[in-house]
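Listed below, chain by chain, are the residues.
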Amino acid sequence: GQTLRCLEIIKMAIEASGASLDAVIRTRVMLTDISMWKDAARAHGEFFGDIRPASTFVEVSGLIDPAWLVEIEADALLPECG
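A brief look at the structure comes next.

The rules behind these values
- Counting from 1, residues in each chain are numbered in the order their sequence is written.
- Local features in a predicted model are, by the rule used here, given only for residues with pLDDT of at least 70; side-chain atom pairs are given and counted only at 80 or more, and totals for whole chains, interfaces and linings are based on all residues.
- Heavy atoms throughout the structure, all of them, feed into the side-chain values; hydrogens and water do not.
- The rule is simple: put a 1 Å grid over the protein atoms alone, call a set of points where a 1.4 Å probe fits but cannot get out a cavity, call an open set with protein on both sides within 12 Å along at least five of seven lines a pocket, and count a residue as lining if it has an atom within 4 Å of a point.
- Grid points are joined across faces, edges and corners, and a volume is the space filled by probe spheres set on the points.
- Counting from the N terminus, the helices are the DSSP runs of H or I reaching at least four residues and the strands are the DSSP runs of E reaching at least two.
- We call Asp, Glu, Lys and Arg charged. Ala, Val, Leu, Ile, Met, Phe, Trp, Tyr, Cys and Pro are nonpolar, and the rest, Gly among them, are polar.
- Strand pairing follows a simple DSSP-based rule, namely that at least 2 bridges must link the two strands.
- Every angle, taken between N-to-C directions, lies between 0 and 180 degrees, and every axis is a line fitted to C-alpha atoms, over only the stretch in contact when it is a helix.
- What a helix is expected to span follows from its residue count: subtract one and scale by 1.5 Å.
- We call a residue buried when its accessible area falls under 20% of the maximum for its residue type, exposed when it is over 50%, and partly exposed in between, using a 1.4 Å probe and counting protein chains only.
- The arc in question is the one spanned by the directions pointing from the helix axis to the C-beta atoms.
- A pairing counts as a salt bridge when a side-chain nitrogen of Lys or Arg comes within 4 Å of a carboxyl oxygen of Asp or Glu.
- Note on definitions: a residue-residue contact is assigned when non-hydrogen atoms from the two residues lie within 4.5 Å.

1. Things to note about the layout of surface pockets
When its volume is computed, the largest pocket comes out at roughly 200 Å³. Around the largest pocket, the lining comprises 15 residues; the ones closest to its centre are G1, T3, M36, D39 and A40. Those elements giving two or more residues to the lining of the largest pocket turn out to be α1 (2-16) and α2 (37-48). If you tally residues by element for the lining of the largest pocket, the top one is α2, at five residues. A class-by-class count of the residues in the lining of the largest pocket yields seven nonpolar, four polar and four charged.

2. Notes on the sheet that holds strand β2 (residues 54-59)
Strand order in this open sheet of three strands is β2-β1-β3, and the pairing throughout is mixed. Single-partner strands in this sheet number two, and they are β2 and β3 (70-76). The mean inter-strand angle of the sheet, taken between neighbouring strand axes irrespective of direction, is 15°. Note: strand β1 (residues 24-31) against β2, six bridges, orientation parallel.

3. Focus: α2
Two residues of an α-helix separated by three or four positions point the same way, owing to the 3.6 residues in each turn. Over its 12 residues, α2 runs 15 Å from end to end, which matches the ideal 16 Å to within 8%, given 1.5 Å per residue. For α2, the complete set of buried residues consists of A40, A43, H44, F47 and F48. The buried side chains of α2 occupy one side of the element, clustering within an arc of 120° when seen end-on. Of the exposed residues in α2, those oriented more than 90 degrees away from the buried face are K38, R42 and E46.

4. Comments concerning the pattern of salt bridges
Summed over all chains, the structure comprises five salt bridges. Across the pair D39 and R42 runs a salt bridge whose closest N-O atoms are separated by 3.0 Å. Placement of both D39 and R42 in helix α2 is noted, with a separation of three residues, approximately one turn of the helix. Using a relative accessible area of 45% as the deciding quantity, one classes D39 as partly exposed.

5. A word on the environment of A74
Inspection of the secondary structure assignment puts A74 in strand β3. Sequence separation of A74 and I51 is 23 residues, and the distance between their C-alpha atoms is 13 Å. Every residue in contact with A74, bar those within four places of it in the chain, is listed here: I10, V24, R26 and T27.

In structure tokens:
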């Protein structure tokens, strides 16, 4: 559930810039428990299955809020403003 929420936030931010998820070229998924990578990968595939950006999954010792299990970064090529 947390992975899906992170991806929804990324999608909203990219769409607010005038682009779509097709603009995403790389993602980084940071998990506090790497044994959950299959669940995170399944959620990631729901958003990026057809786009297939470069992707890295890593385990981290913790995130800023102990309740967070996942954090995701996305790099995208966005349209120029102005």
